[in-house]
Structures are given as C-alpha cells and as structure tokens.
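# Structural overview
Each chain is listed here by its residues.
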Amino acid sequence: MRTLTYFVATTLDGFIAGTDGTDPTGSIFTPTQDYLDHMIAHYPETLPVAARQALGVTAPRTRFDTILEGRRSYQLGLDAGVTNAYPHLRHLVFSRTLDQSPDPAVELVAGDPLEKVRQLKAEDGGSIWLVGGAELAGALYEEIDELILKVNPVTLGSGIPLFAGKIDSGLRRFTLIESTVLISGAAFLTYRQELPW
Ligand SMILES: NC(=O)c1ccc[n+]([C@@H]2O[C@H](COP(=O)([O-])OP(=O)(O)OC[C@H]3O[C@@H](n4cnc5c(N)ncnc54)[C@H](OP(=O)(O)O)[C@@H]3O)[C@@H](O)[C@H]2O)c1
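Residues numbered from 1 in each chain as written. Predicted model: local features only at pLDDT ≥ 70, side-chain atom pairs only at ≥ 80, totals over all residues.

### Describing the sheet that holds strand E1 (residues 4–11)
The 8 strands lie next to each other as E5-E4-E3-E6-E1-E7-E10-E9, forming an open sheet whose pairing is mixed. The two strands at the open ends of the sheet, each matched to only one other strand, are strand E5 (106–109) and strand E9 (174–181). Taken over all neighbouring pairs, the strand axes of this sheet differ in orientation by 25° on average, direction set aside. Bridge count between E9 and strand E10 (residues 187–193): 7 bridges; the pairing is antiparallel. (Pairing = 2+ DSSP bridges. Helix = DSSP H or I, 4+ residues; strand = E, 2+ residues; numbered from the N terminus. Axes fitted to C-alpha atoms, helices over the stretch in contact; angles between N-to-C directions.)

Here's what the structure looks like:
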C-alpha cells in the first residue's frame, strides 16, 4: 500500500510559513549547504525542476512519484509564472475555485481530498508526497501515514502552523524511525504512524 507522507519544512515552533503565507523575514527556510546536500542525496525528487537544473541534479526519484498540493501553495508558483514546478512527478492540486488547470500535466481535484487519497493509495505506485499547505494537511490529517519534518533551527512566534482548518480526528501517535541532525542545526525527522493496537 502506498503511504501518504507529509514532507514539510517547519520552524522549531511548528510554523511552515509566515502568517500571510509569505516569508516575513526572507530567510525562514534559507537552505545551508549541508541541508541542500542532504536533500539532493535523499530526496532529489522534492527539489523543484528549476532547482534541479540550477544544481545539476539528475538523480532519479528515491520514494515519491506523486505530489499533492493545496491551491494556495500552488498559487505561489503560479504568481511567479511557474505552472508546474514538479513535472517529474504526478502533480495534483486541490481547489474548489480553479475551474481549469493552468498546466496540462497538473490535475485539479475539487472533490473530497480524503476520498481522492484513498483512491490513490489503492493504486500501484510510489509514496505520495503531501507538500501542504496547512489547510490541505488538516483535511488529510487522518490519512497521513508518515511525517518527515525538516526542522529548521529558527522560531517565528506566529505563522501558518503544520495543520489548519477543520480536522476530524485528535491524538495520533508516531514512532521516530529515522533522524539526521546536520552540523548547521537543521534536523530531518521521520515519524511513522503507530498501528492502532
Ligand atoms: N514549509 C513548507 O514546507 C511548506 C510547504 C507547502 C506550503 N507551505 C506554505 O503553506 C502556505 C499555504 O498554506 P495554506 O494552509 O494557506 O493553504 P493550502 O493548504 O496550500 O491551500 C488551501 C487551498 O486548498 C484548497 N483546498 C483545501 N481544502 C480543500 C478541500 N477539502 N477540497 C478541495 N480543495 C481544498 C482550497 O483551494 P481553493 O481556495 O482554490 O478552493 C484552499 O483555499 C503557503 O504560504 C506556503 O508557503 C509551506
């Protein structure tokens, strides 16, 4: 069965972006060289195509073959003129307002995200990357099998949290299965959901 992995950059205090969705400091998640090296070595498919080209990354994917994005996260790329930052992955964008996809390779989903994810999990394929943002992660809360937190050594005080919106279930326990702490202070933490017994 394919897993749904929320692979996301977070501050130490659990924020994925500034309050208005931007980076108020311009440097919340500025990658250090060791951070970039770790991303390239372990998660090359999660780099947007422009970064892959700029960094000369040609490595094939290691785990994800599908990316799920909320419309507001996708909009950041659109505003910069990028209709598909991940052409090397199957790209689904959840939106009830966009009626036509800005890119032929980007699939719009207006229906229930939980239903769509259950359908994707039943298909063959690699892991499914939930890129965010918070509202989509909140909508998919109960279907998340794995969290990979890219913890950046900064605090923000306020901002968009890891999960937002209407969340239908409460406490879920996770087991830490992998951890890497970089010299620069960032940590990559992989947590799997504990099975319910
Ligand atoms: N740190 C990281 O790694 C990371 C990763 C991703 C994103 N982010 C940040 O997250 C921020 C955006 O997060 P966000 O929480 O504001 O928005 P979001 O989750 O990216 O997008 C929310 C939008 O997704 C659509 N959506 C949500 N639930 C839906 C449902 N049940 N059915 C259909 N469509 C649904 C709606 O689009 P419509 O309004 O079109 O209906 C909604 O407005 C950005 O600022 C970005 O920088 C950070």
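### Overview of the environment of Gly126
Tracing the chain through its elements places Gly126 in the loop between helix H4 (113–122) and strand E6 (127–132). A residue is classified by how many C-beta atoms lie within 10 Å of it, and Gly126, with 16 of them, is partly exposed. Apart from residues lying up to four places away in sequence, Gly126 is in contact with Arg2, Arg61, Arg63, Phe64 and Asp65. (Buried ≥ 20, exposed ≤ 12 C-beta atoms within 10 Å, placed from the backbone. Contact = placed C-beta atoms within 7 Å.)

### Remarks on the environment of Pro87
Along the chain, the position of Pro87 falls in the loop between helix H3 (71–79) and strand E4 (90–94). On the basis of neighbour counts, which here come to 13 C-beta atoms within 10 Å, the residue Pro87 falls in the partly exposed class. The spatial distance from the C-alpha of Pro87 to the C-alpha of Gly21 is 24 Å, given a sequence separation of 66 residues. Those residues in contact with Pro87 that lie beyond four places of it in its chain are Val49 and Ala105.

### Some details on the site of the ligand
By nearness alone, 26 residues border the ligand, and Gly21, Gly70, Arg71, Gly132 and Gly133 come closest of all. Listed by contribution, the elements that provide at least two residues to the shell around the ligand are E1, strand E2 (15–17), H3, E6 and helix H5 (134–139). (Near = placed C-beta within 6 Å.)

### A short note on the environment of Met39
Considering the arrangement of structural elements, one finds Met39 in helix H1 (residues 33–42). Between the alpha carbons of Met39 and Lys150 there is a distance of 9.8 Å; along the sequence they are 111 residues apart. Those residues within four positions of Met39 in sequence are excluded, and the remaining contacts are Thr46 and Leu47.

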